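Observations on the three-dimensional arrangement
Listed below are the residues making up each chain.
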Amino acid sequence: MIFFEDTEDLREWLEQLDYDAFWEAIEPFGLFDDGARDSNARNIAKGRVTRESSLRTLKFLARVFLTRDLGLKPRIYEPLAVQALKSTH
């Protein structure tokens, strides 16, 4: 299973996944009910949603669930001024 240090790691990981890769990658996390993938595929086939809009929504939901379940926090960037102080003191 993949390890995420913060929400940015999670976001970057999700961004690179296409529709099929998304479903395979999230399976170990158990985020969605059994049959969710089939139900989603039926909605796409019936033209209720596009594959792209569905994937955007699924990634959003996965990000929310995983952030909560894994206790992820936003990445904190250290200002350059702080880095400079550390190098001179």
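Refer to the preceding data block for the structure.
Residues numbered from 1 in each chain as written. Predicted model: local features only at pLDDT ≥ 70, side-chain atom pairs only at ≥ 80, totals over all residues. Heavy atoms only, no water.

1. Some points on the packing of aromatic side chains
Within this structure, the stated rule accounts for eight aromatic pairs. Ring plane angle 35 degrees and centroid distance 6.4 Å describe the contact between F4 and F29, whose orientation is recorded as tilted. Taken together, the residues span a long stretch of sequence, with F4 in the segment before α1 (7–15) and F29 in the loop between α2 (19–26) and α3 (36–45) at a distance of 25 residues. You can call F4 buried: its relative accessible area is 5%. An aromatic cluster of three or more residues is present, and its members are Y19, F22, W23, F32 and F65. (Phe/Tyr/Trp six-rings, centres within 6.5 Å; stacked < 30°, edge-to-face > 60°. Helix = DSSP H or I, 4+ residues; strand = E, 2+ residues; numbered from the N terminus. Buried < 20%, exposed > 50% of the residue type's maximum accessible area, 1.4 Å probe, protein only.)

2. Observations concerning the nonpolar core
The nonpolar side chains of soluble globular proteins are, as a tendency, buried together. Of all hydrophobic cores here, the largest spans 17 residues; its most connected members are L10, W13, L14 and F22. Sort the elements by how many residues they give to this core and α2 lands first, with five residues. Beyond its immediate stretch of four places on either side in the chain, F22 contacts L14, L17, F32, L55, L58, K59 and A62. (Core = buried A, V, L, I, M, F, W, Y, C linked by side-chain atoms within 4.5 Å. Contact = heavy atoms within 4.5 Å.)

3. Thoughts on the side chain of K59
Its place among the elements puts K59 in helix α4 (residues 51–70). No salt bridge forms around the buried K59; measuring N to O, its nearest opposite-charge neighbour E15 is 7.8 Å away. At 2.7 Å, the side chain of K59 and the backbone oxygen of L17 are in polar contact. Not counting chain neighbours up to four residues away, the residues in contact with K59 comprise L14, E15, L17 and F22. (Lys, Arg positive; Asp, Glu negative; His and termini not counted. Salt bridge = Lys/Arg side-chain N within 4 Å of Asp/Glu carboxyl O. Polar contact = N/O pair within 3.5 Å; in protein donor to acceptor, adjacent residues only side chain to side chain.)

4. Regarding the packing of α2 against α4
In the contact formed by α2 and α4, the axes pass within 10 Å of each other and the chain directions differ by 25 degrees. The angle between the axes of α2 and α4 places the two elements in the roughly parallel class. For α2 against α4, the interelement crossing comes out left-handed. Facing α2, whose interface residues are Y19, D20, F22 and W23, α4 presents R51, S54, L55, L58, K59 and A62. (Axes fitted to C-alpha atoms, helices over the stretch in contact; angles between N-to-C directions. Parallel < 35°, antiparallel > 145°, perpendicular 65-115°, else oblique. Left-handed = near helix turned anticlockwise from the far one by under 90°.)

5. Overview of the pattern of salt bridges
Inspection of the entire model under this criterion finds seven salt bridges. With its nearest N and O atoms 3.5 Å apart, the salt bridge here joins R11 to E8. Highlighted residues: R11 and E8, both in helix α1, separated by three residues, approximately one helical turn. Using a relative accessible area of 33% as the deciding quantity, one classes R11 as partly exposed. Of the charged contacts, one joins R75 and E12 as a salt bridge, the two residues approaching to 3.9 Å between their closest N and O atoms.

Honestly, that's just the spatial picture; any functional story needs more than this.
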